[in-house]
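Geometric and topological summary
What follows is the residue order along each chain.
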Amino acid sequence: MAFLPVEEQLRIIRRGVVEIIPEEELVAKLERAVRTGKPLVVKLGCDPSRPDLHLGHAVVLRKLRQFQDLGHEAVLVIGDFTGMIGDPTGRNKTRPPLSLEETRRNGRTYLEQASKILDPARTRIVYNSEWLGSMTFADVIRLASKYTVARMLERDDFQQRYRAGEPIGIHELLYPLAQAQDSVVLRADVELGGTDQKFNLLVGRDIQREAGQEPQVCVLMPILEGTDGREKMSKSLDNYIGLTEPPEEMYGKVLSIPDHLIYRYFELATDVPEEQLPRLAEWAQSAPRDAKHQLAWTIVRLYHGPEAADRARAHFERLFVHRQAPEEVPEWRAPERRIGLVRLLREAGLSASNSEARRLIEQGGVRVGDHPVRDPDCILELTAPLLIRVGKRRFLRVLPPVTQPQERS
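For every chain, the first residue of the written sequence is number 1, and numbering continues from 1 onward in sequence order. In view of the model being predicted, local features appear only for residues whose pLDDT reaches at least 70, and side-chain atom pairs are presented and counted only at 80 or more, with totals across whole chains, interfaces and linings using the full set of residues. With hydrogens and water set aside, each side-chain value is computed from the structure's full complement of heavy atoms.

Turning next to the overall build of the protein. To qualify as a helix, a DSSP run of H or I must reach at least 4 residues; to qualify as a strand, a run of E must reach at least 2; elements of each kind are numbered from the N terminus. On a plain count of helices and strands, the protein comes out with 17 helices and 13 strands. Dimensions of the protein along its principal axes, counting C-alpha atoms only, are 95 × 50 × 45 Å. Relative to its 409 residues, the protein shows a buried fraction of 49%. Summed over all atoms, the accessible surface of the protein reaches about 20500 Å², with 49% contributed by carbon and sulfur. The buried label goes to any residue with under 20% of its type's maximum accessible area, the exposed label to any with over 50%, and the partly exposed label to all in between, with areas taken from a 1.4 Å probe on protein chains only. All accessibility values rest on the Shrake-Rupley procedure with a 1.4 Å probe; residue burial counts only the protein chains present in the view.

This is the structure:
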């Protein structure tokens, strides 16, 4: 197979990367691939305990796609076996274990979403239960003998928990070794991961050496901040932009990011050519509103196509520029003609509880028709359909109850 020149490959690979450990070994591997025509084996492990993918996960998946487009072999490791241990990275306590059935079910969901980025026809999918599940206890002892407790406790999160007196399960110490064994079995040339995975990836290098293999190169990607602009993107923090979210929702969420993240999202979450990035950096400074709309359109196009991106932009303009409701609004029929606004929000599914409904109203997050309502004791008189808006993007058309015809005497 014919590959691009090594320098051109490196230019593409380096985009958005925090660290390549060590880069000179990657150069040597690429030179060998060009010389022999044999692609590199590029591995990415996924944790199926978190099956809902967002733009933060997409950062490293997009890097794997770049290797794929350069002609190298992309191997996606579904950690159905290691998922039963639970990756201890960033954890301040032991994670409850999952069953193999749960990890496999989550793995299938992960794969469906990852296919929005990777080329499924050119992606090798493996489940690490295939080899880890068949290891005997003697095999585990031999693997564990290749690493020391002192080295394992160099890991930041283990150090913090040890000093704080928080328990560390023995099985958690096995997680980096199990991930390293994946690299040995696959004879990985390169492993991708976020910066929080640095320790695990380096253990892989050590265990490959112990197995008599050439160690993998570690390519570390940054952790993408969420829509709050501070914490890493996470569903539990509700600052995420999901890969499978509707185009309009995705567009609106991108617009909600702080201005200082516009360039970072262009670099890490889109496929705009690298030579355009300096111009986009200037645009983000001089006209952040326009740049953010282009960013939102570009991201929606990646996951839903250009027509959906155009519709999402038009939807936003209709809602927020022209102050119109979306074309399609869900409907809900009220049980009574007179109904309290708090009760309506709860029973219609716009809030999880009465207390949440009251809080939304008091904070000015609810509009009835064109008017904001801040009185949680508000009673609505439904004589005609009424449009309710909660937050920026949630609409509901409330229909009056069906009137029973009166019997004639």
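The next point concerns the sheet that holds strand S3 (residues 73-78). The pairing criterion for strands is at least two bridges between them, as found by DSSP. Strand order in the open sheet formed by 6 strands is S1-S6-S5-S2-S3-S4, with mixed pairing between adjacent strands. Two strands in the sheet have a free side with no partner beyond their single neighbour: strand S1 (19-21) and strand S4 (123-127). Each neighbouring strand pair of the sheet contributes to a mean axis angle of 25 degrees, computed without reference to strand direction. Both strand S2 (residues 41-46) and S3 contribute to a ladder of 6 bridges, which runs parallel. The residue of S3 that forms the bridge with Leu44 is Leu76. Axis angles are defined between N-to-C directions and span 0 to 180 degrees, where every axis is a line fitted to C-alpha atoms and, for a helix, only to the segment in contact.

Here we take up the packing of helix H3 (residues 55-69) against helix H14 (residues 288-304). Direction vectors running N to C along H3 and H14 enclose 70 degrees, while the axes themselves pass 14 Å from each other. Comparing the axis directions of H3 and H14 gives the class roughly perpendicular. Judged by the twist between their axes, the crossing of H3 over H14 is left-handed. Here Leu55, Ala58 and Arg62 of H3 come into contact with H14, specifically with Ile299, Leu302 and Tyr303. Classification used: nonpolar for Ala, Val, Leu, Ile, Met, Phe, Trp, Tyr, Cys and Pro, charged for Asp, Glu, Lys and Arg, polar for all others including Gly. Considering only residue class, the contact of H3 with H14 consists of 5 nonpolar, no polar and 1 charged. For this classification, under 35 degrees means roughly parallel, over 145 means roughly antiparallel, 65 to 115 means roughly perpendicular, and everything else is oblique. A clockwise turn of the near helix away from the far one marks a right-handed crossing, whereas an anticlockwise turn of less than a right angle marks a left-handed crossing. We call two residues contacting when some pair of their heavy atoms lies within 4.5 Å.

The next thing to look at is empty space enclosed by the protein. Think of a 1 Å grid over the protein atoms and nothing else: a 1.4 Å probe that fits but is trapped marks a cavity, an open set flanked by protein within 12 Å on at least five of seven lines marks a pocket, and residues with an atom within 4 Å of a point count as lining. Grid points are joined across faces, edges and corners, and a volume is the space filled by probe spheres set on the points. Considering all chains together, one arrives at 3 cavities of 30 Å³ or more under this definition. The volume enclosed by the largest cavity comes to roughly 80 Å³. Lining of the largest cavity is provided by Arg15, Val59, Arg62, Lys63, Gln66, Met221, Glu267, Leu268 and Thr270. At the level of elements, H3 and helix H12 (262-269) are the ones that each hand at least two residues to the lining of the largest cavity.

All right, on to the pairing of strand S13 (residues 394-399) then. Pairing of strand S7 (residues 331-333) with S13, which is carried by 3 bridges, proceeds in the parallel orientation. Within S13, the position partnered with Glu331 by the bridge is Arg397. In this sheet, S13 lies alongside strand S12 (residues 386-390) in antiparallel orientation, the contact comprising 5 bridges. Paired with Leu387 across the strands is Arg397, a residue of S13. Taking the residues between adjacent antiparallel strands as the criterion, S12 and S13 are bridged by 3 residues, where Gly391 takes a positive phi near 70 degrees.

Once that is clear, we can look at the pairing of S2. With respect to burial, S2 is a largely interior element, 5 of its 6 residues being buried. Inspection of the sheet shows S2 paired to strand S5 (residues 190-194) by 3 bridges, in the parallel sense. Looking at the pairing, Leu44 lines up with Leu192 of S5.

So, about the nonpolar core. In plain words, nonpolar cores are sets of buried Ala, Val, Leu, Ile, Met, Phe, Trp, Tyr and Cys residues tied together by side-chain atoms within 4.5 Å. In this structure, Leu26, Leu55, Leu61, Val190, Leu192, Tyr265 and Ile299 are the most contacted members of the largest nonpolar core, which totals 64 residues. Not counting residues within four places of it along the chain, the set of residues in contact with Leu26 comprises Leu10, Ile13, Ile20, Leu40, Val190 and Val217. Counting residues in each nonpolar core, the second largest holds 21 residues, with Val342, Leu350, Leu382 and Leu396 among its members.

Take H14 next. The α-helix advances 3.6 residues per turn, and as a result positions three or four apart in sequence lie on the same side. Take the number of residues in a helix, subtract one, and multiply by 1.5 Å to get its expected span. With 17 residues, H14 should cover 24 Å at 1.5 Å per step; its first-to-last C-alpha distance of 24 Å lies within 8% of that length. All of the buried residues in H14 are Ala291, Lys292, His293, Leu295, Ala296, Trp297, Thr298, Ile299, Val300 and Tyr303. Gly305 lies just past H14 and shows a positive phi near 95 degrees.

Time to look at the sheet that holds strand S10 (residues 371-372). If you trace the 5 strands from one edge of the open sheet to the other, you get S7-S13-S12-S9-S10, paired in mixed fashion. For this open sheet the edge positions go to S7 and S10, each flanked by a neighbour on one side alone.

For the rest of this paragraph, the subject is the packing of aromatic side chains. Here the aromatic set is Phe, Tyr and Trp, taking the six-membered ring for Trp, and pairing holds for ring centres within 6.5 Å; pairs whose planes are under 30 degrees apart are stacked, those over 60 apart are edge-to-face, and all others are tilted. As enumerated under the stated definition, the model contains 0 aromatic pairs in all. The rule is short: NZ of Lys or CZ of Arg within 6 Å of the ring centre and within 35 degrees of the ring normal puts a charge over the ring. Note that Lys253 overlies the ring of Tyr240, its terminal NZ or CZ placed 4.1 Å from the centroid.

Packing of H12 against helix H13 (residues 277-286) leaves a shortest axis separation of 8 Å and a crossing angle of 155 degrees. By the angle between their axes, H12 is roughly antiparallel relative to H13. In the packing of H12 onto H13, the handedness of the crossing is right-handed. Here Ile262, Tyr263, Phe266 and Glu267 of H12 lie close against H13, whose contacting residues are Leu277, Leu280, Ala281 and Ala284.

For the rest of this paragraph, the subject is unusual backbone geometry. With an omega of -20 degrees, the peptide bond running from Ile21 to Pro22 counts as cis. Inspection of the secondary structure assignment puts Pro22 in the loop between S1 and helix H2 (23-36). Here the phi dihedral of Arg187 falls at roughly 50 degrees; this positive angle occurs in a residue that is not glycine. For Arg187, the location among the structural elements is in the loop between helix H9 (170-186) and S5. What makes Arg187 exposed here is its relative accessible area of 53%.

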